[in-house]
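So you can see what is in the structure, the chains are spelled out below.
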Amino acid sequence: ALNPGPGMPLRITGQVTVSGIITGMVFRYLYVQQRLRMQEQAELQSRIQALQSRIRPHFLFNSMNIIASLIAVDPDTAEAVVEDLSELFRASLNDAGNQVPITAELDLCERYLRIEGLRLGERLQLDWQLDELQPGTQIPLLTLQPLLENAIYHGIQPLPDGGTIGIKLSYDGDDVIVRITNPIPPLDLRGQS
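Residues numbered from 1 in each chain as written. Predicted model: local features only at pLDDT ≥ 70, side-chain atom pairs only at ≥ 80, totals over all residues. Heavy atoms only, no water.

*Asks:* Sorry if this is basic, but what is going on with the overall build of the protein chain here?
*Replies:* Each helix and strand counted, the protein chain has five helices and five strands in total. Ordered by position from the N terminus, the helices and strands of the protein chain form the series α-α-α-β-α-β-β-α-β-β. Looking at the protein chain as a whole, 30% of its 193 residues qualify as buried. Of all intrachain contacts in the protein chain linking residues separated by at least 6 positions in sequence, the fraction that spans at least 24 positions is 76%. (Helix = DSSP H or I, 4+ residues; strand = E, 2+ residues; numbered from the N terminus. Buried < 20%, exposed > 50% of the residue type's maximum accessible area, 1.4 Å probe, protein only. Contact = heavy atoms within 4.5 Å.)

*Asks:* Help me understand the packing of aromatic side chains in this model?
*Replies:* The full count for this structure, using the stated rule, is one aromatic pair. Aromatic pair Phe-59 and Tyr-112: ring centres 4.9 Å apart, planes at 50 degrees, arrangement tilted. Remark: Tyr-112 occurs in helix H4 (residues 102-120) and Phe-59 occurs in helix H2 (residues 57-71); sequence separation between them is 53 residues. With a relative accessible area of 1%, Phe-59 lands in the buried category. (Phe/Tyr/Trp six-rings, centres within 6.5 Å; stacked < 30°, edge-to-face > 60°.)

*Asks:* Just to check I follow, could you spell out the side chain of Thr-137 for this structure?
*Replies:* Checked against the element boundaries, Thr-137 lands in the loop between strand S2 (124-130) and strand S3 (138-140). Thr-137 gets classed as buried once you look at its relative accessible area, which sits at 12%. Here the side chain of Thr-137 touches Gln-134 through a polar contact of 2.8 Å, landing on its backbone oxygen. Setting aside its immediate chain neighbours within four residues, Thr-137 contacts Val-100, Pro-101, Ile-102, Tyr-171 and Val-176. (Polar contact = N/O pair within 3.5 Å; in protein donor to acceptor, adjacent residues only side chain to side chain.)

*Asks:* Can you walk me through the nonpolar core in this structure?
*Replies:* Side chains of nonpolar character tend, in soluble globular proteins, to be buried together. Among the nonpolar cores identified, the biggest contains 31 residues, and Tyr-112, Ile-115, Leu-148, Ile-152 and Ile-165 are the most heavily contacted of them. For this core, the secondary structure elements donating two or more residues are H2, helix H3 (75-93), H4, helix H5 (145-156) and strand S4 (163-172). Counting residues per element, this core draws most heavily on H4, which supplies eight residues. Every residue in contact with Ile-152, bar those within four places of it in the chain, is listed here: Tyr-112, Leu-113, Glu-116, Arg-119, Leu-120, Leu-124, Gln-157, Pro-158 and Ile-165. (Core = buried A, V, L, I, M, F, W, Y, C linked by side-chain atoms within 4.5 Å.)

The following block contains the structure:
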């Protein structure tokens, strides 16, 4: 026969109240953590989408001029440029943040650089330094191509003699390290392209 004392219901009520407060705090913490994760994801998606939308309009016009000039003299190259351009634009129409194998992203970069190489000729030199690609490595679609476009637009195009763009890809554990370098034009040549 259990005979609770006069303060027993009050103690139980106090323990239930403390448990309720602790549970509420834990739920609030988890809610705030989830909101922060969602905000970080939204910011990342915005950054990726901004990168994807950066294919400059002048690139399209320059590419179309290259195609038009090649049709009569070198139809095979003109066809290759059309295929490269269509792959670039197909990729730019994909959803932001789509993860693709790094080999697919590098293929898009090579397509882009082939087109720019036709326009810039000997002025565009490339220095590829790629570590052996690890199988399964994925990155967001169209993250490297806009960086290369920026390097050409600001580093190669303003220079009368052009220059070299360096593309270095290496691994540090599970991290992919990408380094893209370009020459820096003198101040008087910047913005004249």
